[in-house]
Amino acid sequence: MLSRTLPIFSPIGVIGLGKMGENIAKNLVLAGHDTVMFDIDSSNVKRVAGENPGKMFAAGSVVEVAERCDRVITMLPNDKILNSVCGESGLIETLAQYHSSSMHVSCSTVSPYTSRELSEAHAAASEGRSKYVAAPVFARPDGLALQQASFTMSSACSDALANATALLEPSNGKVFPFGSDPGAGNVTKLCGNFLIAATIESLAESLALAEANGVDRVAVKDMLTSTIFDCLIYKGYGQRVSERDHQPGGFALELGLKDVSLVLDTAHRSGVAMPFGSVMKDNFTSAMSKGREGLDWSALALHASENAGVDVSGAVAKSSKSLPDHLKPEACVERRREHWV
């Protein structure tokens, strides 16, 4: 049953209101669109909707969003949840049932194989009337809020690319089309995230070398990022790595492990060797075993200092201050220990 608070016209649906999804929804509203939103955390939906009454509407289910919206954007943390929303929770079936033409734009970082399968599922359920577009986003939450995002987009339906671009323009409009393979946009996103993770790792090792030789690690970062490495990623992560500032709020370390795992799975299935990826997956796994999953994924860098004999416990404690108790490293380690037993 539809909520009485929903409008009679067709707004844009947004499913997944984490930090990224919330900002996508707010950017749509700033551009003049109304939105119908759903998240498993109903209190989060009500909070966001309450900030923009009359423009943002809380839905009670995925089905409710799909009934009212012929254009739906999903921003979900992993393949399992995206598949569940599309299948078990009814997104694909409902779009096909209620709309003569519809579009699902997935901004999640997922496997290209997942996108290819979902594209086929949309087409099969609707006799081609429901279009799937992969459009993973390059941005941290603060950058997305400032409308500084980039999207790598692909779809089996060429007309859907132009329509999806219009939905993404409010978040800056830097949309890069990668053709008719629904998985191509996801491959591109995984390539980018692999390079970011490799940047964090290389910064960590380089600055550990400087520190071990008595050279100020922050000064080294400042020199390098103002000259030969003068770019956004080296500057942003250079600050976090050099100062051991890994406070959460951007991209969690556990998501970094997920993305590197996706990179390696895609590489394995494509017959491509990526030895640096294997090393980074081991280092992410080691960080997880120390309970650091809630920290920013730049906390990957701490292992290089630890391997050089530096005590990083103070940095971990400082970076963990804003975490809820159940995500603090000691609580995460204890849960993992109980699971092992």
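Residues numbered from 1 in each chain as written. Predicted model: local features only at pLDDT ≥ 70, side-chain atom pairs only at ≥ 80, totals over all residues. Heavy atoms only, no water.

Let us now look at the UniProt feature "active site" (unreviewed entry) in the chain. The positions that UniProt labels "active site" (unreviewed entry) are, in the present scheme, Lys189. You can see lysine 189 is positioned in helix α9 (residues 184-212). On the basis of relative accessible area, lysine 189 is assigned to the buried category, the value being 6%. Once you skip the residues sitting within four places of it in the chain, lysine 189 turns out to touch Thr109, Pro136, Val137, Phe138 and Thr152. (UniProt positions renumbered as here; feature names shortened; annotations may be inferred. Helix = DSSP H or I, 4+ residues; strand = E, 2+ residues; numbered from the N terminus. Buried < 20%, exposed > 50% of the residue type's maximum accessible area, 1.4 Å probe, protein only. Contact = heavy atoms within 4.5 Å.)

Let us now look at the sheet that holds strand β8 (residues 150-153). Taken in spatial order, the 3 strands make up an open sheet running β7-β8-β9, and their pairing is mixed. Of all strands in the sheet, those with a lone pairing partner are β7 (137-138) and β9 (174-177), marking the two edges. Bridge count between β8 and β9: 4 bridges; the pairing is parallel. Paired with threonine 152 across the two strands is phenylalanine 176, which belongs to β9. Packed onto the sheet, helix α8 (residues 158-168) meets β8 and β9 and runs at close to 165° relative to β8. (Pairing = 2+ DSSP bridges. Axes fitted to C-alpha atoms, helices over the stretch in contact; angles between N-to-C directions.)

The next thing to look at is the environment of histidine 33. Within the secondary structure, histidine 33 is located in the loop between α1 (19-30) and β2 (35-38). Sequence-wise, histidine 33 and methionine 274 are 241 residues apart; in three dimensions their C-alpha atoms are separated by 43 Å. Filtering out sequence-adjacent residues up to four positions away, histidine 33 remains in contact with Ile12, Leu28, Lys55 and Pro170.

This brings us to α9. With 29 residues, α9 extends 42 Å between its outermost C-alpha atoms, agreeing within 8% with the 42 Å of an ideal straight helix rising 1.5 Å per residue. Just downstream of α9, glycine 214 is the residue with a positive phi angle, here 80°. (Expected span 1.5 Å × (residues − 1).)

Before going further, it helps to examine helix α11 (residues 232-243). The first and last C-alpha atoms of α11 sit 17 Å apart over 12 residues, in line with the 16 Å expected at 1.5 Å per residue. Along α11, the residues that are buried comprise Tyr237, Gly238, Arg240, Val241 and Ser242. On its buried side, α11 packs onto α9 and α10 (217-225). Just downstream of α11 lies arginine 244, where phi reads positive at about 50°.

With that out of the way, let us pick up the sheet that holds strand β5 (residues 102-106). Read from one edge to the other, the open sheet built from 6 strands follows the order β3-β2-β1-β4-β5-β6, with strand pairing classed as parallel. Since the sheet does not close on itself, it has two edges, and those belong to β3 (56-58) and β6 (130-134), each with one partner. Taken over all neighbouring pairs, the strand axes of this sheet differ in orientation by 20° on average, direction set aside. Both β5 and β6 contribute to a ladder of 5 bridges, which runs parallel. Its bridge partner lying in β6, histidine 104 is registered against tyrosine 132.

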